[in-house]
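Understanding the architecture of this molecule
Chain by chain, the residues run as shown.
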Amino acid sequence: MKNLFMLDVDGTLVDSCQMDHACFSQAIYDVTGLSVPDDWGSYTNVTDAGIIEELIDSHDLNSEKIVLFREIKRVFKQKLAVAIANHGLSAMPGAVAFINEMRQVPSVELAIATGGWEETARMKLKAAGFNIDGIVFSSCSDAMSRSEVMALAAFRAKQDYGMQFQRRIYFGDGVWDKQATQSLNYEFVAVGDKVEHDVRVNNFVNPRAILGKLGIEEAQRKYA
C-alpha cells in the first residue's frame with residue numbers, strides 16, 4: 001500500500017507563522033494602504049493569493065488587480081528575505097529529520113502543498129534547513145484555494161512518482177487545512193494544538209509514533 005504524505009509549510013514544517021503574517025500584512029499595507037484582519041479564517045480562501053484576491057474584490061480595485069498582485073508579491077518576498085537574514089528561521093521540532101527519514105520509507109511518498117507562493121515557501125524551507133529536491137510541490141502560485149492546491153499535489157505525485165496512492169494524508173496546523181482535506185475526502189493530521197482533531201501530533205520528533213497513529217506498520221519496522 002502506498003501512502004502520500006502531503007505537508008503544509010508555515011506552522012507545520014517551519015516555525016514561520018508570525019514572521020510570514022507580519023511581512024505579508026505589511027506588504028499589502030505598503031502597496032494598497034489596506035489592513036489585513038488578523039483572523040485569516042474569515043477569508044474564503046486562506047492562501048496568499050486568495051486573501052489578496054478577496055481584499056481587491058471587496059475594495060473595488062479589480063482594474064488594478066494584475067499590477068497589485070505583482071507588486072504585493074515583490075514587496076512581500078523582499079521583506080521576508082530581510083526578516084530571514086536578520087532573524088533566521090527554524091524548522092518545527094523534528095521536521096527536517098522526519099522529511100529525510102520518510103524519503104527512505106518504501107510505502108511513503110512526499111509532497112509539499114502550501115497556501116503560500118512557491119518562491120516564498122521555498123525560501124522559508126531552505127532557510128529552515130530542508131532539502132526538498134525531488135519532492136512534489138504545489139502552492140497558491142498554481143491554484144487559488146487550498147483544496148485545489150492539495151488536489152494538484154496529489155495529481156502531480158501520481159504523475160511524477162508513477163503510482164497510485166491508497167491513502168492521501170495531509171499534515172497541517174490550520175482549521176482551513178482540515179476543512180480542505182474534508183472537502184477532498186483526504187485524511188488529516190493536525191500538527192500542534194491549534195486544531196481539534198482525532199489524529200494529532202505535537203511535533204515530528206517521533207516518526208515511529210506518527211506512523212503508528214496512522215497504522216502504517218510496514219514503515220514502523222524501520223524504527224523497531
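Throughout what follows, the structure given in this document is the object of discussion. This structure is a prediction, so every number in the text was calculated from the model and none was measured.

By the secondary structure assignment, Arg146 is in helix H6 (residues 146-161). Discounting residues that sit within four places of it in the chain, Arg146 has contacts with Asp8, Val46, Thr47, Gly115, Tyr170, Trp176, Asp177 and Ala180.

The tally for this structure, following the rule as stated, stands at 0 disulfides. The thiol of Cys23 is not disulfide-bonded; the next cysteine sulfur, from Cys17, is found 13 Å away. For the unlinked cysteine Cys140, the closest cysteine sulfur is that of Cys17, found at 15 Å.

What follows deals with unusual backbone geometry. Of note, the phi angle at Asp60 is positive, near 55°, even though the residue is not glycine. Its location among the elements puts Asp60 in the loop between helix H2 (48-58) and helix H3 (65-87). Phi is positive for Asn185, close to 65°, though the residue is something other than glycine. Tracing the backbone shows Asn185 in the loop between helix H7 (175-184) and strand S5 (187-191).

As a further point, take the pairing of strand S4 (residues 167-172). Successive side chains on a regular strand alternate, one facing one side of the sheet and the next facing the other. Buried residues dominate S4, accounting for 5 of its 6 residues. Two elements, strand S1 (residues 3-7) and S4, share 5 bridges in a ladder whose sense is parallel. Opposite Asn3, over in S4, you have Arg167 as the bridge partner. Direction of pairing for S4 relative to S5: parallel, over a ladder of 4 bridges. Note that in S5 the partner of Gly172 across the bridge is Ala190. Between S4 and its parallel partner S5, the chain crosses via H7, and the hand of that crossover is right-handed.

Conventions we followed
- Residues numbered from 1 in each chain as written.
- Predicted model: local features only at pLDDT ≥ 70, side-chain atom pairs only at ≥ 80, totals over all residues.
- Heavy atoms only, no water.
- Helix = DSSP H or I, 4+ residues; strand = E, 2+ residues; numbered from the N terminus.
- Contact = heavy atoms within 4.5 Å.
- Disulfide = S-S within 2.5 Å.
- Buried < 20%, exposed > 50% of the residue type's maximum accessible area, 1.4 Å probe, protein only.
- Pairing = 2+ DSSP bridges.
- Right-handed = clockwise from strand over helix to strand, strands pointing away.

Honestly, it's all geometry; don't read function into it.
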